[in-house]
Amino acid sequence: MFKRKIMNEIIRWEDSLKIKKRALLIKGLRQVGKTTIVKQYCKEKYNNVVYINFMDNASLKKIFDNDLVVNDIVRDLSAAIPSAKFVPNKTVIIFDELQECANARSAIKPFMIDGRFDIVATGSLIGLRGYNKKKSKGVPTGFEYTITMYPMDFEEYLYAKGISEDLLEYIRNCFLKKEKVSESINSSFMKYFKEYLCVGGMPDVVDLFLKTSDLNQVYDLQRIILEQYKDDFGKHLDKNEEETINKIELARIMSVYNSIPYQLAKENKKFKYSEIAKNARAREYYDSIIWLKEFGLINICNNLSNLELPLDAYKVDDEFKIYVADTGLFVAMLEKGTTNNILNGDLKIYKGAIFENIIADAFSKTGKNLYYYSETRGLEIDFVSKYDNELTMIEVKARNGNAKSLKEILISEKYNVNKAYKLIDGNISIKDKVITIPLYMAYLIN
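Report on the accompanying structure. Residue positions are counted from 1 within each chain, in the order its sequence is given. Totals for whole chains, interfaces and linings use all residues, but because this is a predicted model, local features are given only for residues with pLDDT of at least 70 and pairs of side-chain atoms are given and counted only at 80 or more. Side-chain figures throughout are based on the complete set of non-hydrogen atoms in the structure, without hydrogens or water.

**Comments concerning the pattern of salt bridges**
Working step 1: Each reported salt bridge corresponds to a side-chain nitrogen of Lys or Arg within 4 Å of a carboxyl oxygen of Asp or Glu. Applying the stated criterion across every chain, the model contains 35 salt bridges.
Working step 2: The partner of E156 in a salt bridge is R4, and the shortest N-O contact between them spans 3.2 Å. Residue E156 is found in helix α6 (residues 154-161), and its partner R4 is found in the segment before α1 (6-16); the two are separated by 152 residues along the sequence. For the pair formed by E156 and R4, the shared burial category is buried.
Working step 3: The residue K269 makes a salt bridge to E356 at a minimum N-O spacing of 3.7 Å. Placement of the pair is K269 in the loop between α11 (247-265) and α12 (282-295) and E356 in helix α15 (residues 351-365), with a sequence separation of 87 residues. Secondary structure elements follow DSSP: runs of H or I no shorter than four residues count as helices, runs of E no shorter than two count as strands, and numbering proceeds from the N terminus. Residue burial is assigned from relative accessible area. The probe radius is 1.4 Å, only protein chains are included, and a residue is buried under 20% of its type maximum, exposed over 50%, and partly exposed in between.

Next comes the structure, spelled out in structure tokens:
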């Protein structure tokens, strides 16, 4: 069982129960570890755990079609699940794959008002608007505590490798104090980081790599996961909660998905609909892009019209880049053998794409919205963020290359920007207001 940071969020939910009774709802991409972490937590905290998976036990959904009376639901569930024990104040009910049963989600409110039982729910597709078209008995507004779970970040990967907390604290201190990392430690962490580029953060993939060190098996498993995701593309539940596929939506989602490697291979990585099909238009494909984002497979990075805070006020909605939400999966979308090029430092066309993708991945897992800055005259900053209450520019370089745009903005009176980071395959240094740090420290710009 891997150490996951989301456990800290779950503890915050537990503490919040002293103020108001709410169900915990964990949403996120399939196979990021939601069910595993929920089962582990509930087993440790409760005497009785009642587990219901609405995808595997669809027959239980009809229990929630009647009036949502807690005593009636408990009676019917106990009859359907003979091993279940509903002991007041000592029982948690796990609703797994909650998006499959609209009325089970509606039942959260009466359960929370009743107060005798806790509810912990997960949903892989719960963020997809309009996924379940059944007319439900209402969404329990105010009675859910929602957390998004992501694939493992680089620090969690290091936990899994058994890297000591003392060593991680040393890295954090070097970042905060802007002091060089010991060359041997820096070299080791860059090696771990390049492994992570190939493996990514899907728990089953990390587990396989740690057991075998076999990147060919890793690639095969990642491809299986991607194929399983495709099975969800364009899928909906109709008014009877029966599965149906919107074939037009499926075709458009697949077209966007297939275009991602080409979009990121370009020097200018701004998303272009013309890369999907010759006459493709935003009105046809934008909803498919949003579908993939809500599904959890991609992150969207918007251009800014101005370098000012708050960043969201200057977001340009129709100018954006798309990154894959797990860089290991992005690498698996490329040709087999890319992992060998990463480890040997022999990347060519996808070099910038892979390193930018991992930084976007790292930032999104800290909860950041993603922004970049680009002007028509060629000035471009890979990422713009708010860090330490200041607007901060971030450039990503596979090696210690020139950061011309960073320097131009820092010295120009046109912009009021004083902080910039350059992430490289190297060590920490400071020159002309640009703070250079190793690529693996991206998760610390939080």
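**Regarding the packing of α6 against helix α8 (residues 183-199)**
How two helices pack is summed up by the angle between their axes together with the distance between the axes.
Working step 1: Contact pair α6 / α8: the axes reach a minimum separation of 10 Å and the direction vectors enclose 105 degrees. Looking at the two axes, α6 sits roughly perpendicular to α8. Of the residues in α8, those in contact with F154, Y157, L158 and K161 of α6 are F189, Y192, F193, E195, Y196 and V199.
Working step 2: Classifying every residue of the contact of α6 with α8 by side-chain character gives 8 nonpolar, no polar and 2 charged. As a rule, the C-alpha atoms of each element are fitted with a line to give its axis, helices using only the stretch in contact, and angles between N-to-C directions run from 0 to 180 degrees. Should an angle lie under 35 degrees it is considered roughly parallel, over 145 roughly antiparallel, and from 65 to 115 roughly perpendicular; all remaining angles are considered oblique. The contact criterion used throughout is that any non-hydrogen atoms of two residues lie within 4.5 Å. Residue classes follow a fixed rule: Ala, Val, Leu, Ile, Met, Phe, Trp, Tyr, Cys and Pro count as nonpolar, while Asp, Glu, Lys and Arg count as charged, and any other residue, Gly among them, counts as polar.

**So, unusual backbone geometry**
Working step 1: With omega at -5 degrees, the peptide bond leading from L309 into P310 counts as cis.
Working step 2: Position of P310 relative to the elements: it lies in the loop between β8 (298-304) and β9 (315-324).
Working step 3: For S213, which is not glycine, the phi torsion reads 60 degrees and is therefore positive.
Working step 4: Note on S213: relative accessible area 55%, which makes it exposed.

**Comments concerning the pairing of strand β10 (residues 370-374)**
Across a regular strand the side chains alternate sides, sitting on one face of the sheet and then on the other.
Working step 1: With 4 of 5 residues buried, β10 is to be regarded as a mostly interior element.
Working step 2: Here β8 pairs with β10 via 4 bridges, running parallel. Residue N302 lies in a different strand from β10, and its bridge partner there is Y371.
Working step 3: As judged from the 2 bridges shared by β10 and strand β11 (residues 380-381), these two strands associate in the antiparallel manner. Across the sheet, residue S374 finds its bridge partner in β11, namely E380.
Working step 4: Strands pair, by our definition, only if DSSP identifies at least two bridges between them. Connecting the antiparallel pair β10 and β11 is a turn made up of 5 residues, with G378 showing a positive phi of about 105 degrees.

**Some details on the environment of I94**
Working step 1: Note on placement: I94 falls in strand β3 (residues 91-96).
Working step 2: C-alpha separation for the pair I94 and T122, spaced 28 residues apart in sequence, amounts to 8.0 Å.
Working step 3: Among residues more than four places away in sequence, those in contact with I94 are V38, K39, C42, V49, V50, Y51, I52 and V120.

**Quick look at the sheet that holds β9**
Working step 1: Pairing is mixed in the open sheet, where 4 strands are placed in the order β9-β8-β10-β11. The two strands at the open ends of the sheet, each matched to only one other strand, are β9 and β11.
Working step 2: Set on the sheet, α15 makes contact with β8, β9 and β10; between it and β9 the angle comes to about 105 degrees.

**Digging into the nonpolar core**
What tends to happen in soluble globular proteins is that the nonpolar side chains get buried as a cluster.
Working step 1: For the purposes of this section, nonpolar cores are sets of buried Ala, Val, Leu, Ile, Met, Phe, Trp, Tyr and Cys residues that join through side-chain atoms within 4.5 Å. By size, the foremost hydrophobic cluster in this structure holds 112 residues, and its most contacted members are F154, F189, Y229, L297 and M441.
Working step 2: In terms of residues, this core owes the most to one element, α8, which gives 9 residues.
Working step 3: In this structure Y229 touches L29, R30, Q31, M202, F295, L297 and L329, once residues within four positions along its chain are discounted.

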